[in-house]
Structures are given as C-alpha cells and as structure tokens.
Amino acid sequence: MDVNSVAEDDGSATVRVLSYNVRSMRDDTAALARVIRAGAPDVVLVQEAPRFFRWRKKLARLAAGSGLYVLSGGATAAGPALLCSLRATVERTEDVLLPLTPGLHRRGFATAVLRFGGVRVGFLSCHLSLRDDERLAQSGLLLDRVAAFDTPYAVAGGDINERPDGPAFRRLAGSLQDGWATAPRGSEHTSPATGPRQRIDAVFATPGVEVLGCGVPEDLPGVTAGDLRSATDHLPVLATLRFPATRR
C-alpha cells in the first residue's frame, strides 16, 4: 500500500514524486491528467513537456487538470519541467541548458529547491541523450548539478534513455539510490506504454533519503489500463520518499 504525503512531528517529511515522459502532450491529455492526479504527487518530474507554439498554456493546462502548478521548465529547459502541489514551499528554480552537440537535440534540466516543512530538497528533471557518449557526459553533469544544490537531500529523475546495465545509468546509480532497485513497488518496465519491456525511466535519491517504494504504479484510483496506454508512450514512475529532519 502506498504511503500518503505527510509531515511528521519530528520534522521529517514523506513526499510523493512522479516522473513521467508526456510526449509533448500529443496523445490523450485527459487520460494523462487523470493518471497524474490519481498518483497524488507532491512533485512531478516531467519530460518532453511542450516546447513550441503556446507551450506555456499547454503545460499550465496539464498542471491545472492534474491539480498542480507549473514550477519550472518546458521550452526554457529544452523539454524537462517540474510541477508541484501547494504543499511545497519554493525556495528557488533554475532551468539549465546543456552543451549542444551539432546535429542532435538540445537537452536540459529543470531544477528547483523546495521545502516541505523544515526539510530542504533539491529536485531535477532530465531527459538524457539518445547518443551513448553524450548521454554518459550528461549523467556526469547531472551529478554535478545535484551536488550544486547544496541541500541535505536531492531527487533526480526522468527518461534516462538507457537500461540499468548501461554506463550512464550505472554512473547515476553509483552515486545515488536507484528507487526501483532500493524499494521496488508496482511494476518495473516503463517503455513502451503499450507493451512495456524495458526500464529506461527512473527516480534517484541522494544517500540519507529513505525510499519507501518506487515503480510503475498499479491500480491507481479512477485510472484504467487504457488510460495508461493512451496518455503517452511511457509509463509513469512513482516514488514515495521520506526525508529525515535536518538542522539545515
């Protein structure tokens, strides 16, 4: 059973984080919003957010339909975005564009530092390259960015475009906790949504974060298997994370 979001008397916070590649909202946007809302996330790490004509309005419509608010990203981060609930107090946001390789799609990170009660957490949404060498380099830049948050805890996730045995994925999992490997809950494979056979989407957390469960959510209230297939071409990853109280 999933753990609900909660702030404890000891100052710790339990937070639900959803990572989801929404394929530029080119599919069934009503089903997409139903899936996100049913997951009851506090933070959504979005990949392939709309980037072109009226992209801000489209992203705002998705957030409103999901009962959330746009935090950062979209075209200004080359696709990744962050949505959040009113439970989060926003300390700062930053959209980061990564070095451009000629002939390849521009990549970026959507980042924010949020507070849940007295706990400060850095969040990063990513969509790494399809090319092996660029993807490996971007995984290193991701770890650098996580370290630069200068927060007690951080969460990074998204479409890694690589399976767990790949070098970029292994680099991330070598420094961060891979949510599914740490505390699997639900299903493992995320792609493609119509017949999932590989795990290329993930949520990672820094040491010290307690991963209570992570995986593709099953039996979301009000969501059918058809909704998951029609919403986009990936399945979502939902992580329930507990952040112990800190003095920072």
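From a predicted model like this one, the values you see are computed outputs, not experimental measurements.

Visitor: Hey, could you run me through the overall build of the protein in this one?
Guide: On a plain count of helices and strands, the protein comes out with six helices and 13 strands. Relative to the globule expectation of 18 Å for 248 residues, the C-alpha radius of gyration of the protein, 16 Å, shows essentially globular dimensions. Along the three orthogonal principal directions, the C-alpha set of the protein runs to about 50 × 40 × 35 Å. Within the protein, buried positions represent 54% of all 248 residues. The long-range fraction of contacts in the protein, counting pairs at least 24 apart against all pairs at least 6 apart in sequence, stands at 72%. When the accessible area of the protein is evaluated, it comes to approximately 10,500 Å², of which 51% is carbon and sulfur surface. If you average the places of the 30 positive and of the 27 negative side-chain charges in the protein, the two averages end up 6 Å apart.

Visitor: Sorry if this is basic, but what is going on with unusual backbone geometry here?
Guide: Glycine aside, residues mostly have negative phi, and peptide bonds are mostly found in the trans state. Following Ser-191, the chain continues to Pro-192 via a peptide bond in cis, the omega torsion being -10 degrees. Mapped onto the fold, Pro-192 is located in the loop between helix 5 (179-182) and strand 11 (201-205). Of note in the backbone geometry, Glu-48 takes a positive phi value of approximately 55 degrees without being a glycine. Residue position: Glu-48 is located in the loop between strand 3 (43-47) and helix 2 (55-65).

Visitor: Sorry if this is basic, but what is going on with the packing of helix 3 (residues 132-148) against helix 4 (residues 167-175) here?
Guide: When two helices pack together, you describe them by how their axes are tilted relative to each other and by the distance separating the axes. Relative orientation of the contacting elements helix 3 and helix 4 amounts to 20 degrees, with a least axis distance of 8 Å. Considered as vectors, helix 3 and helix 4 are oriented roughly parallel to each other. Considering only the axes of helix 3 and helix 4, their crossing is right-handed. Residues Arg-135, Leu-136, Ser-139, Gly-140, Leu-142 and Leu-143 of helix 3 form the contact with helix 4, whose participating residues are Pro-167, Ala-168, Arg-171, Leu-172 and Ser-175. Its residues placed into classes, the contact of helix 3 with helix 4 shows six nonpolar, three polar and two charged.

Visitor: Mind showing me how you'd approach the nonpolar core here?
Guide: One recurring pattern in soluble globular proteins: nonpolar side chains tend to sit buried together. Among the nonpolar cores identified, the biggest contains 29 residues, and Leu-114, Phe-116, Phe-123, Val-155, Leu-241 and Phe-243 are the most heavily contacted of them. One finds Leu-18, Tyr-20, Ala-63 and Val-223 within the second-largest nonpolar core, a separate group that totals 27 residues.

Visitor: Is there a simple way to explain the environment of Pro-217 in this structure?
Guide: You can see Pro-217 is positioned in the loop between strand 12 (210-215) and helix 6 (225-231). Using a relative accessible area of 10% as the deciding quantity, one classes Pro-217 as buried. C-alpha of Pro-217 to C-alpha of Arg-185: the two residues are 32 residues apart in sequence and 7.5 Å apart in space. Once residues lying within four places of it in the same chain are set aside, the contact partners of Pro-217 are Pro-236 and Leu-238.

Conventions adopted
- Residues numbered from 1 in each chain as written.
- Predicted model: local features only at pLDDT ≥ 70, side-chain atom pairs only at ≥ 80, totals over all residues.
- Heavy atoms only, no water.
- Helix = DSSP H or I, 4+ residues; strand = E, 2+ residues; numbered from the N terminus.
- Rg over C-alpha atoms; globule rule 2.2 N^0.38 Å.
- Buried < 20%, exposed > 50% of the residue type's maximum accessible area, 1.4 Å probe, protein only.
- Contact = heavy atoms within 4.5 Å.
- Areas by Shrake-Rupley, 256 points an atom, 1.4 Å probe, with all protein chains shown as cover.
- Lys, Arg positive; Asp, Glu negative; His and termini not counted.
- Charge placed at Lys NZ, Arg CZ, Asp CG, Glu CD.
- Axes fitted to C-alpha atoms, helices over the stretch in contact; angles between N-to-C directions.
- Parallel < 35°, antiparallel > 145°, perpendicular 65-115°, else oblique.
- Left-handed = near helix turned anticlockwise from the far one by under 90°.
- Nonpolar A, V, L, I, M, F, W, Y, C, P; charged D, E, K, R; others polar.
- Core = buried A, V, L, I, M, F, W, Y, C linked by side-chain atoms within 4.5 Å.

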